[in-house]
Amino acid sequence: GPMALPKSREAQIFYRAAIQRFDDARFLLEVGGRTTPAVYLASYSVECMLKALILSTLPGKNRARILESFKGSKAHDFRWLRDTYFKKGGPSFPREIAHCFIIVGTWSTALRYEPGMTRRTIAVAFLEAAEKIIRWADERM
């Protein structure tokens, strides 16, 4: 169902992108059977959700600098985003969420430049992990 938007406008943009990319990923997997692009978009949705989460933990005056740091290539790196979240005072992840990050982190980098189709079982597990992260992050905004 619809989730509550974060208060910060900057966070809202990434939040909306996260939800849309995840819906696209699910559509591609379930309707089109397109496993690789589904995984790719689900990976983007996790990235956007982490950015929304980071932005929503910061006071307004600190958001511009963080937005600037999101422009580099490291901002696609879940580990860097996770570390940034912790540095900004985010609490540690529950065990299940930490495990979901391992799943999405390992596969998204491995699959990004792979031709051909990802096995369906991997794609399904990837989207499940991404969805758990998204729901967990949503409750923290």
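Quick note: structure is the one above.
These notes cover the structure that comes with them. (Residues numbered from 1 in each chain as written. Predicted model: local features only at pLDDT ≥ 70, side-chain atom pairs only at ≥ 80, totals over all residues. Heavy atoms only, no water.)

## Structural notes on helix H4 (residues 78-87)
- Considered for burial, the residues of H4 that qualify are Phe78, Trp80, Leu81, Thr84 and Tyr85. Along the axis of H4, the buried positions cluster into a sector of 165 degrees, meaning they face one direction only. More than 90 degrees from the buried face of H4, the exposed residues found are Arg79 and Lys87.
- Capping of H4 at its N-terminal end is provided by aspartate 77; its side-chain oxygen lies 2.9 Å from the backbone amide nitrogen of arginine 79. (Buried < 20%, exposed > 50% of the residue type's maximum accessible area, 1.4 Å probe, protein only. Helix = DSSP H or I, 4+ residues; strand = E, 2+ residues; numbered from the N terminus. Arc of directions from axis to C-beta. Polar contact = N/O pair within 3.5 Å; in protein donor to acceptor, adjacent residues only side chain to side chain.)

## Topic: the side chain of lysine 51
- In this fold, lysine 51 is placed in helix H2 (residues 35-57).
- Setting aside anything within four residues of it in sequence, one finds lysine 51 in contact with Phe14, Phe70, Ala75 and Leu81. (Contact = heavy atoms within 4.5 Å.)

## A word on the environment of tryptophan 80
- Relative to the helices and strands, tryptophan 80 resides in helix H4.
- Taking the C-alpha atoms as reference points, tryptophan 80 and threonine 35, 45 residues apart in sequence, are found 26 Å from one another.
- Setting aside residues no more than four positions away along its own chain, tryptophan 80 makes contact with Ser69, Phe70, Lys74 and Ala75.

## A look at the packing of helix H1 (residues 9-30) against H2
- As a packed pair, H1 and H2 sit with axes 7 Å apart at the nearest point and diverge in direction by 160 degrees. Between H1 and H2, the angle falls in the class roughly antiparallel. Note that H1 runs across H2; the crossing there is left-handed.
- A class-by-class count of the residues in the contact of H1 with H2 yields 18 nonpolar, three polar and four charged. (Axes fitted to C-alpha atoms, helices over the stretch in contact; angles between N-to-C directions. Parallel < 35°, antiparallel > 145°, perpendicular 65-115°, else oblique. Left-handed = near helix turned anticlockwise from the far one by under 90°. Nonpolar A, V, L, I, M, F, W, Y, C, P; charged D, E, K, R; others polar.)

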